[in-house]
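Report on the structure
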Amino acid sequence: MTASIPHRQRGRSDSLAIAVIPGDGTGPEVTAEALKVLAAVARLEGFRYDIEMLDWGGERFLRTGETIPEGGLDLLRRKDAILLGAIGHPGVAPGILEKGLLLDLRFKLDQYINLRPVKLLPGVETPLAGRGPGDIDFVVVRENTEDLYCGVGGYLKKGTPDEVAVQQAVYTRKGCERCIRWAFDYTRRRNSPKKTLTLVAKTNVLTFGHDLWWRTFQDVAREYPDVRTDYNHVDACCMWMVKNPDAYDVIVTTNMFGDIITDLGGILQGGMGVAAGANLNPDPGGVSMFEPMGGSAPKYTGTDQINPIAAINAVAMLLEHTGQPAAGARVERAVARVTGTKMVSQAAGRMGHGTRAVGDLVVAALAE
Ligand code: IPM
Ligand code: MN
């Protein structure tokens with residue numbers, strides 16, 4: 001990615017303060033490689049950083065019952081960025097760590113943008129026949145704090161044959177407007193020849209919530225006459241992403257649809273081994289969190305088989321968004337060199353190298 005965001009104003013030293021949550025399963029392994037790359041690029045580009053390792057995740061939850069420990073949010077608010085490995089533990093019921101850790105961090109730190117680039121790197125296989133890196137290079141801006149993710153709902157007559165479950169989607173003008181405005185700004189900064197922002201929603205069925213999105217999109221668009229606009233229903237978007245991925249530049253969409261289409265995007269760009277995302281709070285003083293999109297992959301834990309490229313890409317995004325764009329671009333170029341010339345596949349166990357060796361290859365490529 002070429003667009004970068006000014007370092008948030010926080011009046012601290014020139015050292016980047018990073019909290020690292022390696023998390024569960026293969027999270028610590030991919031995080032270790034990401035940190036190796038961070039150390040190497042900091043040496044080469046001459047910036048300083050410090051890291052604080054946090055043992056949050058499934059193991060800690062099983063030990064203490066805590067997801068975000070007491071004082072944890074304040075600790076994070078004092079950092080410049082957060083690097084997250086993976087969350088998900090076979091011994092913890094589904095939903096507890098997702099809601100209690102990942103989603104809570106996104107919500108409580110008000111990281112209202114989930115930025116997910118879909119970029120096919122050289123040498124990486126896509127399931128789309130006849131498509132290469134020039135064809136797949138777009139970005140999804142997913143709203144990250146509202147929609148079906150808000151946790152509003154409940155049961156009636158739970159456990160009886162008459163049970164009713166309600167799960168509500170909440171959309172606010174403030175929530176969609178700040179996301180849409182950020183997406184327009186981003187499209188402008190990215191300045192690709194297409195310079196097009198596509199709203200993806202379902203206005204033909206979700207005639208309240210997505211009507212709010214539609215009207216807000218039209219209103220904000222007037223402030224950006226240089227940015228072209230388009231609209232896709234989400235189902236059609238899934239079709240076009242497969243048929244004509246080259247038609248997209250930037251997509252802005254709701255939380256739930258963004259979740260779904262970025263898994264499709266992830267597979268188009270070579271799978272969860274490469275896909276990374278940024279949870280951004282772009283406001284002054286906001287703290288953002290960077291993560292590989294894949295899960296904790298318990299079956300690969302400790303086997304040196306998991307692909308660390310996504311976690312390394314997350315470091316590239318972290319640097320781009322916290323005032324070190326040259327370092328971020330350097331990591332991106334090194335990753336592209338490694339995928340393009342050294343790796344057999346992006347699938348775990350089939351990379352032609354182990355996890356640590358891939359990290360070493362990226363470190364070596366940084367200096368080239
Ligand atoms: C993602 C994940 C999360 C989400 C889950 C783990 C809660 O799928 O980051 O896309 O739905 O946002
Ligand atoms: Mn998801």
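Here the residue numbers are simple positions, counted from 1 along each chain's written sequence. Following the order in which they are written, the chains are lettered starting with A and the ligands numbered starting with 1. Reporting in this predicted model follows two pLDDT cut-offs: at least 70 for local features of residues, and 80 or more for side-chain atom pairs to be given and counted; totals over whole chains, interfaces and linings ignore these cut-offs and use all residues. Only hydrogens and water are removed before side-chain values are computed, so all heavy atoms of the structure are retained for them.

So, on to the site of ligand 1. Summary of the distance rule: residues count as near a molecule or strand when at least one heavy atom falls within 4 Å of that molecule or strand. In the neighbourhood of ligand 1, the contacting residues comprise Glu98, Leu102, Arg106, Arg116, Arg142, Tyr149 and Asp259. Pairs of N or O atoms are called polar contacts if they sit within 3.5 Å, as long as, within protein, a hydrogen donor faces a hydrogen acceptor (for residues adjacent in sequence, only side-chain-to-side-chain pairs). Between ligand 1 and aspartate 259 there is a distance of 2.9 Å, counted from an oxygen atom to a side-chain nitrogen or oxygen. Per-residue and other accessible areas were derived by the Shrake-Rupley procedure at a 1.4 Å probe size, with only the shown protein chains allowed to occlude residues. Out of a free accessible area of 320 Å², ligand 1 has 74% covered by protein chains. Helix numbering and strand numbering both begin at the N terminus, where a helix is a DSSP run of H or I of at least 4 residues and a strand a DSSP run of E of at least 2. For the shell around ligand 1, the element with the most residues is helix H4 (residues 96-108), which contributes 3 residues. Across the shell around ligand 1, the residue classes break down as 2 nonpolar, no polar and 5 charged. In this classification, Asp, Glu, Lys and Arg are treated as charged, Ala, Val, Leu, Ile, Met, Phe, Trp, Tyr, Cys and Pro as nonpolar, and every other residue, Gly included, as polar.

We now examine helix H1 (residues 27-45). For an α-helix, the turn length of 3.6 residues means that residues three or four places apart are oriented alike. With 19 residues, H1 should reach 27 Å at 1.5 Å per residue; the first-to-last C-alpha distance of 26 Å fits that figure. The rule is simple: take the accessible area with a 1.4 Å probe, protein chains only, and divide by the maximum for that residue type; under 20% is buried, over 50% is exposed, in between is partly exposed. Looking at H1, one finds that the buried residues are Gly27, Glu29, Val30, Thr31, Glu33, Ala34, Leu35, Val37, Leu38, Ala40, Val41 and Ala42. By definition in these notes, contact holds between two residues if any of their heavy atoms fall within 4.5 Å. Those residues of H1 hidden inside the fold are in contact with strand E1 (15-23), strand E2 (48-53), strand E3 (81-86), helix H9 (309-321), helix H10 (325-341) and helix H11 (355-366). Remark: glycine 46 follows H1 within two positions and exhibits a positive phi of approximately 70°. Here a helix's expected span is defined as the number of its residues, less one, multiplied by 1.5 Å.

Another aspect to go through is the pattern of salt bridges. A carboxyl oxygen of Asp or Glu within 4 Å of a side-chain nitrogen of Lys or Arg is what we treat as a salt bridge. Summed over all chains, the structure comprises 28 salt bridges. The partner of glutamate 33 in a salt bridge is lysine 36, and the shortest N-O contact between them spans 2.6 Å. Pair noted here: glutamate 33 and lysine 36 are both in helix H1, with a separation of 3 residues, about one helical turn. The exposure class assigned to glutamate 33 is buried, which follows from its relative accessible area of 4%. The exposure class assigned to lysine 36 is partly exposed, which follows from its relative accessible area of 27%. Its salt-bridge partner being glutamate 52, residue lysine 79 comes within 2.8 Å of it at the nearest N-O pair. With lysine 79 in the loop between helix H3 (72-77) and E3 and glutamate 52 in strand E2, this residue pair connects regions lying 27 residues apart in the sequence. Accessibility expressed as a relative area gives 10% for lysine 79, which makes it buried.

Here the focus is the packing of H1 against H11. Axes, fitted as lines to C-alpha atoms, cover a helix only where it is in contact. Angles between the N-to-C directions of the axes lie from 0 to 180 degrees. Here H1 crosses H11 at 15°, and the two axes come no closer than 9 Å. Here H1 lies roughly parallel to H11, going by the angle between them. In this structure, the crossing between H1 and H11 has a hand that is right-handed. Mapping the contact onto sequence places Glu29, Glu33, Lys36, Val37, Ala40, Val41 and Leu44 in H1 and Thr355, Arg356, Gly359, Asp360, Val362, Val363 and Leu366 in H11. Among the residues forming the contact of H1 with H11, the class breakdown is 7 nonpolar, 2 polar and 5 charged. Orientation is classified from the angle alone, with under 35 degrees giving roughly parallel, over 145 giving roughly antiparallel, 65 to 115 giving roughly perpendicular, and any other angle giving oblique. It is the rotation of the near helix from the far one that decides the hand of a crossing: anticlockwise by less than a right angle makes it left-handed, clockwise makes it right-handed.

Let us now look at the domain arrangement of the protein. Residue ranges assigned to the domains are those given by an automatic or database domain assignment. The domains assigned to the protein are domain 1 (14-122 + 271-368) and domain 2 (146-268). Computed over C-alpha atoms, the centres of domain 1 and domain 2 are 25 Å apart. The interface of domain 1 with domain 2 comprises 16 residues on the first partner and 13 residues on the second. Across the contact surface, domain 1 and domain 2 share 1 salt bridge. For the salt bridge of aspartate 110 with arginine 178, the shortest nitrogen-to-oxygen distance reads 2.9 Å. The interface formed by domain 1 and domain 2 holds 3 residue pairs in polar contact (both at pLDDT 80 or more) in total. The set of elements that each furnish at least two residues to the side of domain 1 that touches domain 2 consists of H4 and strand E4 (113-119). When residues of the side of domain 1 that touches domain 2 are assigned to their parent elements, the largest contribution, 4 residues, is made by E4.

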